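Commentary on secondary and tertiary structure
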Number of protein chains: 2
Amino acid sequence: MNDRILRAIRREPLDRTPVWFMRQAGRSLPRYRELRGEREMFELIRDAEASAKITALPLEYYPVDALVLYNDLATPYLAAGIEVEMRKGVGPVIADPIRSAVDVERLRPFDPQEALGFNLDQIRILVERIDVPVLGFVGAPFTLCSYLIESPRHRDLKGVKSFILEQPEAWAKLADFWAEHMAQFGIAQHRAGAGAIQVFDSWAGALSVEDYREYVLTPTQRLLRTMEDAGVPTIHYFNGNPALLPLVAEAGGDAVSVDWRLPLDEAWRTIGHDRAIQGNLDPIALLAGPEVAVRKTREILQLANGRPGHIFNLGHGILPDTDHRVLAAVVDAVHDFALREATA
Amino acid sequence: MNDRILRAIRREPLDRTPVWFMRQAGRSLPRYRELRGEREMFELIRDAEASAKITALPLEYYPVDALVLYNDLATPYLAAGIEVEMRKGVGPVIADPIRSAVDVERLRPFDPQEALGFNLDQIRILVERIDVPVLGFVGAPFTLCSYLIESPRHRDLKGVKSFILEQPEAWAKLADFWAEHMAQFGIAQHRAGAGAIQVFDSWAGALSVEDYREYVLTPTQRLLRTMEDAGVPTIHYFNGNPALLPLVAEAGGDAVSVDWRLPLDEAWRTIGHDRAIQGNLDPIALLAGPEVAVRKTREILQLANGRPGHIFNLGHGILPDTDHRVLAAVVDAVHDFALREATA
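About the thresholds
- Residue positions within a chain follow its written sequence, with the count starting from 1.
- Both sets of labels track the order of writing: A upward for chains, 1 upward for ligands.
- Only residues with pLDDT of at least 70 get local features here, since the model is predicted, and only at 80 or more are side-chain atom pairs given and counted; chain-wide, interface and lining totals rely on the full set of residues.
- Values shown for side chains rest on all heavy atoms present in the structure; no hydrogens or waters enter the calculation.
- Overlaid copies result from least-squares superposition on C-alpha atoms, with residues included only where pLDDT is at least 70 in both.
- Note on contacts: a residue pair is in contact if any heavy atoms of the two residues lie within 4.5 Å.
- A pairing counts as a salt bridge when a side-chain nitrogen of Lys or Arg comes within 4 Å of a carboxyl oxygen of Asp or Glu.
- Whenever two N or O atoms come within 3.5 Å, that pair is a polar contact, provided that in protein one can donate a hydrogen and the other can accept it, and provided that, for residues adjacent in sequence, both atoms are side-chain atoms.
- Only DSSP runs of H or I reaching four residues or more are called helices, and only runs of E reaching two or more are called strands; each is numbered from the N terminus.
- Exposure is judged per residue with a 1.4 Å probe applied to protein chains only, and the accessible area is read against the type maximum: over 50% gives exposed, under 20% gives buried, and values in between give partly exposed.
- pLDDT runs from 0 to 100 and stands for how confident the predictor is about each residue.
- For two strands to pair, DSSP has to find at least two bridges joining them.
- If you view a crossover with the strands going away from you and the path from the first strand over the helix to the second runs clockwise, you call it right-handed.

Describing the relation of the copies chain A and chain B
The transformation that overlays chain A on chain B combines an axial shift of 0.0 Å with a rotation of 180°, and the residual RMSD is 0.0 Å. This pairing of chains is accounted for by a two-fold axis. When C-alpha positions in chain A are compared against the rotation axis, the closest is assigned to Asn241 of chain A, at 2.7 Å. Mapped onto chain B, 100% of the interface residues of chain A again fall at the interface, so both copies present the same surface.

Encoded structure:
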């Protein structure tokens, strides 16, 4: 078993830096279309065996150090009785968005063991078959609720942000509902065999420091602490506004996953060296060919400077038109990079 | 003449903080539709008299301390022989995007005095009629070129960023063409009577620190220095990624206009107190009603702490569905706020 990812999360010294990519099991892989066929995404996710095959697909192309569950942040909406449609280029679209506290009360509490058992089955299948850790994931309260409040969302998230400012109590209830349910879902994924759980806060970067502190820090902290108290290793993914990083670190996560907006060494100083870090290649650098991608990969590894606790990743998901051979070149570059403080 | 804006740019002590709003002459004003009628935007911009009326319209609703020219960042494309269509919700769309150095060579050099005389005429008309400064504006090289390279642009600007990484020499030529032409256009606007020129870099926030430093700093600096050497007061507007602020300040501008992502006091420390600052209310706070908007306005003024050199503004343009009465309440709140270090 190659458990470098889990040891990096614990900041143990390693012989080489582990690497995986967000959205690695997707359209950048030629065989993905074949495996997916004409099936609708949620149908496929409910089929644990078919999903497990997609999750494992990247290993046919490059030796990443972790697999990430084929799933979507929006799957738990279904468990709460929310109708959702995945719209291409837009993301989850909700038929009946949340407009008030009354709508929040209508959300149906659920037990992830029952309602999301297919995700847990997928993990169990994968753990049997593969020799790298499986990562589960859940949405952070802000990101998960943003789709429920404004649908489809405006680029600036104006509907989400004005809802929070106008109805802070309804917001707090909504965020708490999801913080609690996602904590339980994360714990369930870990018990099913997921080595760590990544919490995705892909959209909180739209907030100011004051608004994040006032409205988002507490529910995010609740989600992460509940999982940590249950012994679940966590990675806290955040995208956008580097000014929020100190608060993102305060909210929790054994590792914090950062984007390309801040150089890796500065980001690591900002979140504190008592935290593991994941990141932070700009996925767009992969579109500029293997030379540019490998050069930028090495620059990041140099900034990490061999310090234990670095997981190499992108700052955001792989873009669909990425060439998988460039990804393979990046994986090789990461694995070939000599760690100064290597202890093997 | 109320020249508080110009004195704030020079960091002179004032009796009250000056305020204006990006996109103040737009759809948030009831009379805007009436003045605009069914006319296409560029047709209207070419009509100096009609444009001047729109520019002056905000003064019917609230006493802002500056007017900003009714114009578009994309107008100079026309002068360079580029066909452009304004697409609703998308922005400028170019028929024939720039794909290589050869396309850059095809750009037609132009003299803004001749090719953009209607903008200069509009300024001359306004200066005669109104007693607050008129602000002109131009696009910064990254923002202006981004629409020319990827059209319509992807949310992540992936086409723009991969072009820069793959063809750095073609990029440098393209950025220089616009840096030089926009400097000349800014100087021409100032000579026609514009009190200051705002340089809009609305999209450079998508870049990493390294990429901004390597590809964007030099042409942006060239644009700002050429105007400054000609005695033009400048405001350098930037949106997104606060990690870039030190470089944005290094690129120039008598004032730097910042968004809401960083608290105003931190942003001011970051750009240096030897620089004026403009900002930084989140335009979405205006959608949450006058109480929230005024509370957040006062918080920003408290962070500015009476230090000379603050121009109150939003972090981005007014959203079309903003109520002009909320804007009026914000203007009043800014003007009523007692400046500790008031001298006038």
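A look at the interface of chain A and chain B
Tallying the contact residues gives 35 residues for chain A and 35 residues for chain B. Salt-bridge contacts for Asp321 of chain B lead to Lys158 of chain A; the nearest nitrogen and oxygen are separated by 3.1 Å. At the junction of chain A with chain B, the criterion picks out ten residue pairs in polar contact (both at pLDDT 80 or more). For the side of chain A that touches chain B, the secondary structure elements donating two or more residues are α10 (158-166), α12 (209-229) and α15 (290-304) of chain A. Counting residues per element, the side of chain A that touches chain B draws most heavily on α10 of chain A, which supplies five residues.

Observations regarding the environment of Arg307 of chain B
Residues and elements named next belong to chain B. Within the secondary structure, Arg307 sits in the loop between α15 (290-304) and β9 (310-314). Exposure remark for Arg307: the relative accessible area of 36% places this residue in the partly exposed category. Considering only alpha carbons, one finds Arg307 and Ala276, 31 residues apart in sequence, at a separation of 9.5 Å.

Examining the confidence of the model for chain A
Overall, the prediction assigns chain A a mean pLDDT of 96, with 99% of residues at 70 or greater. Of the two predicted TM-score estimates for the complex, the pTM is 0.94 and the ipTM is 0.91.

Re the pairing of strand β9 (residues 310-314) of chain A
Residues and elements named next belong to chain A. In terms of burial, β9 is largely enclosed, as five of its five residues are buried. Across the two faces of β9 the burial is the same, with His310, Phe312 and Leu314 and Ile311 and Asn313 all buried. Pairing analysis gives five bridges linking strand β8 (residues 276-281) to β9, with the strands arranged parallel. Within β9, the residue paired with Ile277 across the bridge is His310. The β-α-β motif built from β8, the intervening α15 and the parallel element β9 has right-handed crossover chirality.

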